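What the coordinates show
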Amino acid sequence: MEECSIKAKNLTKRFGQLIAVNRVSFCARPGEVYSLLGPNGAGKTTTIKMLATLLQPTAGEAWIKGYSILREPHHVRRTIGLVPQDLTADDELTGWENVLIQARLYGYSGNEAEKRAREALEFMGLMEAAHRKVSTYSGGMRRRLEVAMSLVHSPEVLFLDEPTLGLDVQSRRHLWGLIEELKKQGKTILLTTHYMEEAEALADRVAIIDLGKIVAEGSPEELKSRIKGEVIHLKLRDPGLANGLAESLARELGVEAEPKGDTVVVRVQSSGETLPSLIRLVSGMPIVEIRIVKPNLEEVFLELTGRRLREEEGFDVFRFRVMSRRVRR
Amino acid sequence: MGATLVLFRREVKKWVGRRPVFVMSMITPLIWLALFGKSLNLYSMFNVEQPGFAEVVQRLVEQRIMELFGTLDYFTYLASGMLVVFALFQSAFGGVGIVFDKRLGYMTRLLVSPIPRVSIFMAKILGTLFRITILSAVLFAAALALGFQVKPGITAVDLLAAWGVILLLSLGLASIYATMAFYANNHEVLFAAMNLINLPLMFTSSAIFPREQMPSWLRAIASINPITHAADLVRYHLVGRPLSSYAEPLALLAAFSLTLFLVGLALSLRSLREVS
């Protein structure tokens, strides 16, 4: 039983006709950072809410450290810490007061509560700002306070729902460092994100989730190896030469080569093996730039679903169609 | 009990941190008292300083006013009623904090923690009762300063009893509004409900004018209005206006409040079972 810290089995949630989460099953092992990677609306938050006992699943079951989310929600709540996507701290109170209330809600009193509040705030680097009202905090500080509030009771399992959403690069990296630190302490962390860099940087294993379903699972390396080889971009000074170059590369090297404007895009097994002969072939051509793109999770997602991870800008007709198709079924 | 206390302390702390709101919430009742209560001077209306105006007529007028209002001073009558009406409005405001806790995510934080759900409801109700206690005391002190005439021989027991009556009424009212707030998704719903419920409740009670003067249909409504019973009981203790029965209004008020409290508690717990 203790093989999985978090175990989901066919977890399903319907909202009316919409299936937000569709038979999701996975197992996050103790001490592992397990990431749900997918675009907005993929069902990541709904999954976390079910695991955190905030939502009743329509079907399926899940266990946190062996406790059933359906039958033992009280034990589950003691075991987990949740950093929800939305900010939850009371901004009329200070950071200290927020964390202290949290410690008391978990049953610690007097000195023990204060000790835990101090430890959590110190760990998140907020002790200096602890006695200021939360309304004066920056975005990064508020996120860190959310994590501090979720840590006071030393949970073994931590749910982080888009923890760096809307943060600048510096605050994001800071938070990543702290999450790595928590991992070293042996916590099991379930991290949802739609930033593929975040999943790559932090996760031991990634489940790619789309339209409520897990479409692939594995370590970032395993997932990336699904994409064959690498991509070489050759940028030419004269766009008129792109067609001819693409044809001759395909013929001579037996690779996929495609002209795109002033650039020829070449798909190869390994850039290390192909580059020497490629360079020999193109010597004398007016090439202004050679760029090698290693596969990343963004491309894995594209390959699996035909779409990009981040599509939040504007109305997306394709996505809308897929959603409505899903509703009809 | 522990979690209720922790959350109750949060309510108090937040309220104390909002002193401007405290000041503003006192302005409305003070305007009622000082402007309305003081300008409608019943006694001087009939106190005609004129030779030949029979002393016996004067005494009859006084007697009639005393009979109806329990005091010759309308301000005192109104102020005792306003203590109750003020509790009505404060009970309604208590619900607003719940809506904000939901909207600002704090409720998620509470629901994911291993506290009994009932403590979330209880802390809100206790917070409201606490605010009403402090604000009523301040309002009463202000009324005294403006010339409130307490009944001769008033005791601490009378003050405590009046406080108890106000809290009993507030328990029921705060429960209704808290329940509405647990189901409402924005505070405007709550303000709309407040406008819909509070003013009719105030004007169909004995808080502003005595029941005896009302047309029969209005008197019928007033007799089942809990504000009437609370105002009558408070007035009995503070002003000395006699009651034909003490037990009856108290029993009706208690039945009203406890029913609403229990129903509100059950419904609120139901709403907390699942958040989306």
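Residues numbered from 1 in each chain as written. Chains lettered and ligands numbered in written order. Predicted model: local features only at pLDDT ≥ 70, side-chain atom pairs only at ≥ 80, totals over all residues. Heavy atoms only, no water.

1. Brief notes about the interface of chain B and chain A
- In this complex, chain B contributes 24 residues to the contact, which on the side of chain A involves 29 residues.
- Both faces considered, chain B and chain A share a buried interface measuring about 2,400 Å² in area, 57% of it formed by carbon and sulfur atoms.
- Looking only at chain B, the three residues that lose the most surface to chain A are Arg109(B), Val112(B) and Pro114(B), adding up to 32% of its buried area.
- Applying the counting rule to chain B against chain A returns six salt bridges.
- A salt bridge links Asp90(A) to Arg10(B); the shortest N-O distance between them is 2.7 Å.
- The interface formed by chain B and chain A contains nine residue pairs in polar contact (both at pLDDT 80 or more).
- Listed by contribution, the elements that provide at least two residues to the side of chain B that touches chain A are helix H1 (2-16) and helix H6 (106-111) of chain B. (Contact = heavy atoms within 4.5 Å. Buried area = accessible area lost by both parts, 1.4 Å probe. Salt bridge = Lys/Arg side-chain N within 4 Å of Asp/Glu carboxyl O. Polar contact = N/O pair within 3.5 Å; in protein donor to acceptor, adjacent residues only side chain to side chain. Helix = DSSP H or I, 4+ residues; strand = E, 2+ residues; numbered from the N terminus.)

2. What about the side chain of Glu61(A)?
All names here are of chain A.
- Within the secondary structure, Glu61 is located in strand E4 (residues 59-64).
- Side chain to side chain, Glu61 and Arg71 meet in a polar contact 3.2 Å long.
- With residues near it in sequence (within four places) discarded, Glu61 still touches Lys7, Ala8, Lys9, Leu11, Ser68, Ile69, Leu70 and Arg71.

3. Regarding the domain arrangement of chain A
- What the domain assignment reports for chain A is domain 1 (6-224) and domain 2 (230-294).
- Each of domain 1 of chain A and domain 2 of chain A was reduced to a C-alpha centroid, and the two centroids are 44 Å apart. (Domains from an automatic or database assignment.)

4. Here we look at the sheet that holds strand E5 (residues 67-68) of chain A
Residue and element names in this part refer to chain A.
- Strand order in the open sheet formed by four strands is E2-E1-E4-E5, and the pairing between neighbours is antiparallel. Each edge of the open sheet carries a strand with a single partner, namely strand E2 (18-28) and E5.
- Summarising the sheet, strand E1 (residues 6-15) and E2 pair through seven bridges and their orientation is antiparallel. Across the sheet, Phe15 pairs through a bridge with Leu18, a residue of E2.
- Together, E1, E2 and E4 form the strand contacts of helix H1 (residues 44-51), whose direction differs from that of E1 by roughly 115°. (Pairing = 2+ DSSP bridges. Axes fitted to C-alpha atoms, helices over the stretch in contact; angles between N-to-C directions.)

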